[in-house]
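Geometric and topological summary
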Amino acid sequence: MNLILIGAGQRGMIYAGCACRQGHKIVAAAEPNDARREAARRELHIPEENCFRTAEELLRRPRMADAAIIATMDRDHYTQAIAAMKLGYDLLMEKPISPVPEETLAIADTAEKLGRRVVICHVLRYSPFFRKLKEILDSGKLGKIISIEHTENIGNYHIAHSFVRGNWRNEKLSSPILLQKSCHDLDLLLWLTGKSVRRIFSVGSLSYFRPENAPEKSADRCLECPAAADCRFDARKVYLPNIGEWPANVLTKDQTEAGVLEALRTGPYGRCVFRCDNDVCDHQSVIMEFEDDSTTVFTLCGMTDRMHRTIHIMCEHGEILGDDDPGEILINRFRSSMTENSVQERILIGQVQGAHSGGDVALMDAFLNDRGTGEKIVSDISRSVESHLLVFAAEESRHTGQAVEMAAWTDRLRGN
């Protein structure tokens, strides 16, 4: 398969690299950052004449491939996706589909109208850990799901990098954190349960990464800050030990100490985390009532030590406790009394090679090797739209303090 790449940042290059390793070819790319565009040209062996500064330049050319990878900033997705589909491209599109509800629906409707295959990068549906959870639940051996507690532990260093200093720090520039980071999780809950949500309610705020929490006598930038020695968010501590790896490789293509220090001196990642232009939540909870009266509580929080997801699924005849790092699933079958011997099954998926616990590679395999049957595609846009609508409704609830009835809310959105 021949593909074009729109957005040669970290995510775009991961998907493009997966495609090339499977014997497919990236024939053109668009990337506004000169260093990233040149790196993509070299690494992916793209002809120089097929490397463009903007997506608009690339999409003004006649169709030159079977599909497009869209891995740009959230608010660019709509115009790029519509233009690419009209040219005849199928799409692999980084989540979220769009931070605007009407645009999200329009992209899905256009895909259906034009017969385009659009796959959303809800990569966790493809990871061995969550696929095993789905298999256990679908077997029916634990009975009906009654309630779920699910948590995304973002990691205090991750939220500081991506959602305080980084690209997704500000809703007007990108999208709310529930959409940008955790539409994965609402999507997973819909997929695991196989049900639709009747009602949703959400609370959350930006509590910690605020000016009033800055250390005394701290400065606007870490490299000139007298409080840096005692601050865990000092950019030198965060990035210098990780040169060549995430998150340092996001800052600059020059992965030398001098190159990273220069990026910290002049770029956004050297700013004090308490004095950025961030406004997205650093913690948020969502309560969902499903159509069969079962319930789910989802929580995202940046104030955790590790980046991992934990889940507790309570069913009629037993419960499942899971932690995707280290990939452990515990199944407890219910006893008649506390004195009866417990029956517990332990399933260890373990560490799986590749980002998102193997989900990135499996997603690309499904997208590249599906032959139009859809059997391997579990994140087609027609399935992914519902989780996005849940996020939009949850954000309305967070701002108004009122629960949202999904059927009526969706009808209003669609103008019914």
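Anyway, here's the lowdown on the structure attached to this text. The model shown is predicted, which means the values in this text are computed figures rather than measured ones.

In terms of helices and strands, the protein carries 15 helices and 15 strands. Its C-alpha atoms give the protein principal-axis dimensions of roughly 65 × 60 × 45 Å. With 416 residues in all, the protein has 54% of them scored as buried. Intrachain contacts of the protein at a sequence separation of at least 6 include 70% that bridge at least 24 residues. Looking at the protein as shown, the accessible area adds up to about 18300 Å², and 48% of this sits on carbon and sulfur atoms.

Let us now look at the pattern of salt bridges. Within this structure, the stated rule accounts for 28 salt bridges. Residue Arg42 is joined to Glu38 by a salt bridge in which the shortest nitrogen-to-oxygen separation is 3.6 Å. On the criterion of helical spacing, the pair formed by Arg42 and Glu38 is a turn pair, its members being four residues apart in helix H2 (residues 34-44). One salt bridge connects Arg398 with Glu171, and the closest N-O pair in it is separated by 3.4 Å. In this pair, Arg398 sits in helix H14 (residues 381-400) while Glu171 sits in the loop between helix H7 (156-165) and helix H8 (177-180), placing the two residues 227 residues apart along the sequence. Its relative accessible area of 18% is what places Arg398 among the buried residues.

So, about the environment of Ser387. Tracing the backbone through its elements, the reader meets Ser387 in helix H14. Measuring from C-alpha to C-alpha, the distance between Ser387 and Leu188 comes to 8.6 Å, with 199 residues separating the pair along the chain. Non-local contacts of Ser387, meaning those with residues more than four positions away in its chain, are made with His122, Cys183, Leu186, Asp187 and Leu190. Among the polar contacts listed, one links the side chain of Ser387 to the backbone oxygen of Ser384, at a separation of 2.9 Å.

The six strands are arranged E3-E2-E1-E4-E5-E6 in an open sheet whose pairing can be described as parallel. In this open sheet, the two edge strands, each paired with only one partner strand, are strand E3 (51-52) and strand E6 (118-120). Across two bridges, strand E2 (residues 25-30) lies against E3 in parallel orientation. Within the sheet, the bridge partner assigned to Ala29 lies in E3 and is Cys51. Strands in contact with helix H4 (residues 77-87) are strand E1 (2-6), strand E4 (67-70), strand E5 (90-93) and E6; relative to E5, the strand with the most contacts, it is inclined by about 155 degrees.

We now examine the packing of aromatic side chains. One pass over the structure, following the stated rule, counts eight aromatic pairs. Taken together, a centroid distance of 4.9 Å and an interplanar angle of 90 degrees make the contact between Phe129 and Phe130 edge-to-face. Neither residue differs from the other here; Phe129 and Phe130 are each classed as buried. Following the ring pairs from residue to residue traces out a cluster consisting of Tyr208, Phe209, Phe233 and Phe274. One residue, Arg117, lies across the ring of Phe367, its end atom 4.5 Å from the ring centre.

Calculation rules
- Residues numbered from 1 in each chain as written.
- Predicted model: local features only at pLDDT ≥ 70, side-chain atom pairs only at ≥ 80, totals over all residues.
- Heavy atoms only, no water.
- Helix = DSSP H or I, 4+ residues; strand = E, 2+ residues; numbered from the N terminus.
- Buried < 20%, exposed > 50% of the residue type's maximum accessible area, 1.4 Å probe, protein only.
- Contact = heavy atoms within 4.5 Å.
- Areas by Shrake-Rupley, 256 points an atom, 1.4 Å probe, with all protein chains shown as cover.
- Salt bridge = Lys/Arg side-chain N within 4 Å of Asp/Glu carboxyl O.
- Polar contact = N/O pair within 3.5 Å; in protein donor to acceptor, adjacent residues only side chain to side chain.
- Pairing = 2+ DSSP bridges.
- Axes fitted to C-alpha atoms, helices over the stretch in contact; angles between N-to-C directions.
- Phe/Tyr/Trp six-rings, centres within 6.5 Å; stacked < 30°, edge-to-face > 60°.
- Lys NZ or Arg CZ within 6 Å of the ring centre and 35° of its normal.

What is shown is where atoms sit, not what they do.
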